[in-house]
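Structure assessment
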Amino acid sequence: MRLSRRRNGFGPLDKAVAIVVPLVLIAVGVVVYLLLRPEDCPGGLSKHGGECVGVTQSAFAGDEDLDGLIRAVADENARVERAWEDPEQGQAPMPYGRIALMMPFTSDEASAMTAAMIRRALAGAHAAQLKANSGGGPHYQLLLAPDGKDLDQWRPVVDDLTGLVDDRRSPLVGVMGLPSSTPETRDAMKELSARRIATVGPVITSADMNAPYFFKTSPNNSMFVDALDHYLKRNRGARKGFLVYDSRPDDVYSRNLHRLLQKKFGKAYGLRQRSASFLGSTGPAAGIPQRFQSAAQKICLTESDTVFFAGRDQDLPALVKRLSQESSCDRRSPLRILKVGIGLEPTLTTDELTGMLRETKTRIVAAASVTPAWWTPRGLPAQGAPAGLGGFLRIFHDLDERYRIGEKPLDDGYAIMYHDAFTLLSNAYDRSYSEANEKAGSGEGTPAPARTPTKDDVYNTLINAGIVERDGRLLCTNCLQGAAGTYAFEQSPETRQWPICKPIPVIEYPAQGRGGPGKTYRTFEDTFTYPCPRSPRLIHPAEARLSDLVPPALLPLAHDTNTCSAHLAGTDGAVDVYSTSWLSRPIDTSGSALLPSPRSLGQR
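These figures come from a predicted structure and were not determined experimentally. (Residues numbered from 1 in each chain as written. Predicted model: local features only at pLDDT ≥ 70, side-chain atom pairs only at ≥ 80, totals over all residues. Heavy atoms only, no water.)

1. Considerations on the overall build of the protein chain
- Each helix and strand in the protein chain was counted, giving 14 helices and 23 strands.
- In the protein chain, the share of contacts with a sequence separation of at least 24, taken over all contacts with a separation of at least 6, comes to 73%.
- Working note: accessible area of the protein chain is about 27500 Å², and carbon and sulfur atoms make up 50% of it. (Helix = DSSP H or I, 4+ residues; strand = E, 2+ residues; numbered from the N terminus. Contact = heavy atoms within 4.5 Å. Areas by Shrake-Rupley, 256 points an atom, 1.4 Å probe, with all protein chains shown as cover.)

2. Let's talk about the sheet that holds strand S3 (residues 96-103)
- Taken together, five strands build an open sheet; the order of strands is S4-S3-S5-S6-S7 and the sheet is parallel. Only two strands of the sheet have a single partner each, and these edge strands are strand S4 (139-146) and strand S7 (214-216). Sheet twist, expressed as the mean angle between neighbouring strand axes with direction ignored, is 25°.
- Inspection of the sheet shows strand S5 (residues 172-177) paired to strand S6 (residues 199-201) by two bridges, in the parallel sense. Each residue of the ladder has a partner; that of Met176, found in S6, is Val200.
- Docked against the sheet, helix H2 (residues 67-85) engages S3 and S4, running at close to 140° with respect to S4.
- Sitting on the sheet, helix H12 (residues 414-438) is in contact with S3, S4, S5, S6 and S7, with an inclination near 165° to S5. (Pairing = 2+ DSSP bridges. Axes fitted to C-alpha atoms, helices over the stretch in contact; angles between N-to-C directions.)

3. Things to note about the packing of helix H6 (residues 221-232) against helix H7 (residues 252-265)
- Following both chains from N to C, one finds H6 and H7 inclined at 35°, their axes separated by 10 Å at the closest point. Here H6 runs over H7; the crossing is right-handed. Here H6 contributes Asn221, Ser222, Val225, Asp226, Leu228, Asp229 and Leu232 to the contact with H7, which in turn contributes Tyr253, Asn256, Leu257, Leu260, Leu261, Lys264 and Phe265.
- Of the residues belonging to the contact of H6 with H7, the class tally is eight nonpolar, three polar and three charged. (Left-handed = near helix turned anticlockwise from the far one by under 90°. Nonpolar A, V, L, I, M, F, W, Y, C, P; charged D, E, K, R; others polar.)

4. A closer look at helix H3 (residues 115-132)
- Between its first and last C-alpha atoms H3 spans 26 Å; for 18 residues at 1.5 Å apiece the expected length is 26 Å, and the two agree.
- Of all 18 residues that make up H3, 15 are buried, and the element is covered over most of its length. (Expected span 1.5 Å × (residues − 1). Buried < 20%, exposed > 50% of the residue type's maximum accessible area, 1.4 Å probe, protein only.)

5. Observations regarding H7
- Along its 14 residues, H7 runs 20 Å from first to last C-alpha, staying within 8% of the 20 Å computed at 1.5 Å per residue.
- In terms of burial, H7 is a largely internal element, ten of the 14 residues being buried.
- Taken together, the buried positions of H7 are occupied by Val252, Tyr253, Ser254, Asn256, Leu257, His258, Leu260, Leu261, Gln262 and Phe265.
- As for H7, its buried residues are in contact with helix H5 (183-194), H6, strand S8 (241-246), strand S10 (306-310) and strand S11 (335-341).
- Measuring from the backbone nitrogen of Tyr253 back to the side-chain oxygen at the start of H7 gives 3.2 Å, which picks out Asp251 as the cap. (Polar contact = N/O pair within 3.5 Å; in protein donor to acceptor, adjacent residues only side chain to side chain.)

6. Regarding the pattern of salt bridges
- In this structure the tally under the stated criterion is 21 salt bridges.
- A salt bridge links Arg119 to Asp65, with the nearest nitrogen and oxygen atoms 2.4 Å apart. Here Arg119, found in helix H3, pairs with Asp65, found in the loop between strand S2 (51-53) and H2; they are 54 residues apart in sequence, far enough to count as distant.
- Owing to a relative accessible area of 12%, Arg119 belongs among the buried residues under this scheme.
- For Asp65, a relative accessible area of 38% gives the class partly exposed.
- Linked by salt bridges that have partners in common, Asp108, Lys149 and Asp150 make up one network. (Salt bridge = Lys/Arg side-chain N within 4 Å of Asp/Glu carboxyl O.)

7. Quick look at the packing of aromatic side chains
- For the coordinates displayed, the defined rule picks out 15 aromatic pairs.
- With a centroid separation of 4.6 Å and an interplanar angle of 40°, the aromatic rings of Phe278 and Phe292 are classed as tilted. Taken together, the residues Phe278 in strand S9 (residues 275-278) and Phe292 in the loop between S9 and helix H8 (293-301) connect sequence positions 14 residues apart.
- On the basis of relative accessibility, which here comes to 3%, the residue Phe292 falls in the buried class.
- Residues Phe278 and Phe309 carry aromatic rings whose centres are separated by 5.7 Å and whose planes lie at 15° to one another, so their mutual orientation is stacked. Note that Phe278 is positioned in strand S9 and Phe309 in strand S10, a separation of 31 residues in sequence.
- Among the residues examined, Phe278 registers a relative accessible area of 3% and is labelled buried.
- Phe309 gets classed as buried once you look at its relative accessible area, which sits at 1%.
- A network of ring pairs unites the aromatic residues Tyr213, Phe215, Tyr459, Tyr487 and Phe489 as a single cluster.
- Here the basic side chain of Lys216 rests over the ring of Trp498, its NZ or CZ set 4.4 Å away from the ring centre. (Phe/Tyr/Trp six-rings, centres within 6.5 Å; stacked < 30°, edge-to-face > 60°. Lys NZ or Arg CZ within 6 Å of the ring centre and 35° of its normal.)

8. Some details on the state of the cysteines
- All chains considered together, the criterion is met by four disulfides.
- Indicated for the protein chain is the disulfide connectivity 1-2, 3-4, 5-6, 7-8, based on numbering the bonded cysteines in sequence order. (Disulfide = S-S within 2.5 Å.)

9. Considerations on the nonpolar core
- Core analysis: the biggest nonpolar cluster contains 64 residues, and Leu101, Leu122 and Phe392 have the highest contact counts within it.
- For this core, the secondary-structure elements that each account for two or more residues are H2, S3, H3, S4, S5, helix H11 (389-403), H12 and helix H13 (455-462).
- The element best represented in this core is H12, accounting for twelve residues.
- With residues up to four places along the chain from it excluded, the contact list for Leu101 reads Leu122, Ala125, Leu142, Leu143, Leu144, Ala145, Met176, Gly177 and Tyr418.
- In this structure, Ala100, Ile197, Ala367 and Leu474 belong to the second largest nonpolar core, which totals 59 residues. (Core = buried A, V, L, I, M, F, W, Y, C linked by side-chain atoms within 4.5 Å.)

10. Focus on the sheet that holds S9
- Strand order in the open sheet made by the six strands is S9-S8-S10-S11-S12-S18, with mixed pairing throughout. The open sheet has two edge strands, S9 and strand S18 (506-509), and neither has a second partner. Pairwise comparison of adjacent strand axes, ignoring direction, gives a mean angle of 20° for this sheet.
- Relative to S9, S8 runs parallel, the two being bridged by four bridges. Of the residues in S9, the one forming a bridge with Asp246 is Phe278.
- In the packing of H7 onto the sheet, the strands contacted are S8, S10 and S11, and the crossing angle to S10 comes to about 145°.

11. Quick notes on the environment of Ala421
- By secondary structure assignment, the location of Ala421 is in helix H12.
- For the pair Ala421 and Val175, spaced 246 residues apart in sequence, the C-alpha separation works out to 9.2 Å.
- Setting aside residues no more than four positions away along its own chain, Ala421 makes contact with Met176, Val200, Pro202 and Thr217.

12. Some remarks on the confidence of the model for the protein chain
- A residue-level look at the protein chain finds 79% of positions with pLDDT of 70 or above and a mean pLDDT of 83.
- Throughout residues 30-38 the model reports pLDDT below 50, and contacts reaching past four residues in sequence, or to other chains, amount to zero contacts.
- With pLDDT under 50 throughout, residues 537-604 is counted as low confidence; its partners more than four residues away or in other chains account for 145 contacts. (pLDDT = per-residue confidence, 0-100.)

So this is what it looks like as structure tokens:
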């Protein structure tokens, strides 16, 4: 049998198949990959400078430990939208506005915000969103507006925000965030103001960060320095001062604080002759940061007892550690380091650093927006806490249990100040919304379709919440009863949208055994004839007799004065009543009074 011989090699058809099949497989693979791959920038964000920036109501990828919080905000945003677009059967559509949180959602060692700061800030803003959405309308979406870890990608974000202001169905109420006093923040602040968008800086403190539409819930460096001056007049010390300052030329915050400390204390404490600089860790590479050897040696050799620190909190632990290692220091004399800021950064109160402070007889004295003295170890409002703190704490602790916000998540003040910034905008929109619809309706509910306020309405409401004098006392009209105090804003060249009557507690850490910082300083209080209105006292059902707290003339308002009891949780100011059926407004038992907003009355 003769076998036919097979030819070696490929024919034309074989070659064609060999070429076409791999190409088809590659093409199919590319299509599948493009369809299934995760978006580079989900939620409508876009890539700029290697980062996803823009404005979104949806989830996206930030720092890994933010995933749960970001998803929680996105879920609440979707629920708010459904309540308007497709309400449950029997429910009327719930109108809503939008508040944008413009800040970084990613971080590195030199970024404008640390990962912990971002997490606390987002948690505070989300707590305020949940609180605002727990009652009657309107409700709110919290838009997430990442502008880059170095705050330098703000332009596309501002453009996206501008595109939302004319949406009359669910308008942009305002913007909050802009977390650091930098040249980039100043540019973004001015551009938002030029576009007439009300913006709130929760933690901005540089005194020269000003624009017509830019509101600040924190006191500025000048006010903090005044509070330190108020403290030092009662705690003079030996007046052997020393100034340690961040030398970064582009750090607006540190430069402003350096200048103010020199102006206020330079002569009395000899700061012009005794000072040292360092390179802060926040910002672009410009050398080795946190080099404090020279400063520590000079502080010890000059036997200084009062160190003024003009830098950011994240750099202060390195100075404390270097001082503890300095052999030339006389440990017999106490040393105090004076600083300003939003609160007490948890890295300053670790067991290790606390041990160093005690061993070297060093105490941190901080003028701040927030103090841990306002809450108990169990997370309840302490004696003298601001009126708005309790409601915030209840929601925040729930978030902390779910998402593990971090060690001492309230101490640095970021969560509280971001809560107040959101609440300031939502309260202004609430009042604007009510006024826009009260005359259009028949008196029995909101007209349909409801009238939505414009961004200009929100701004005009913000600048008309102020302090007025009457009958020998100050009245607070539509003030923010925030978690960080009760305060107001006015349109004036003196106040420039900084908070009026905002308390500035002074923190001593480790705490003194006796004495303490003394009376709380309040912003702009010295411009009035009478003291600022204090936060209302909170009354809850407990064991105190009603007659112990309520003036006799008001006792007839009670249904039963023998069984309706209350517990005093504050220390000064007007009495505010919660969880009782016998009163619907605050009782004024002091020389000052609060006139609350309609929403706050409705929630009592």
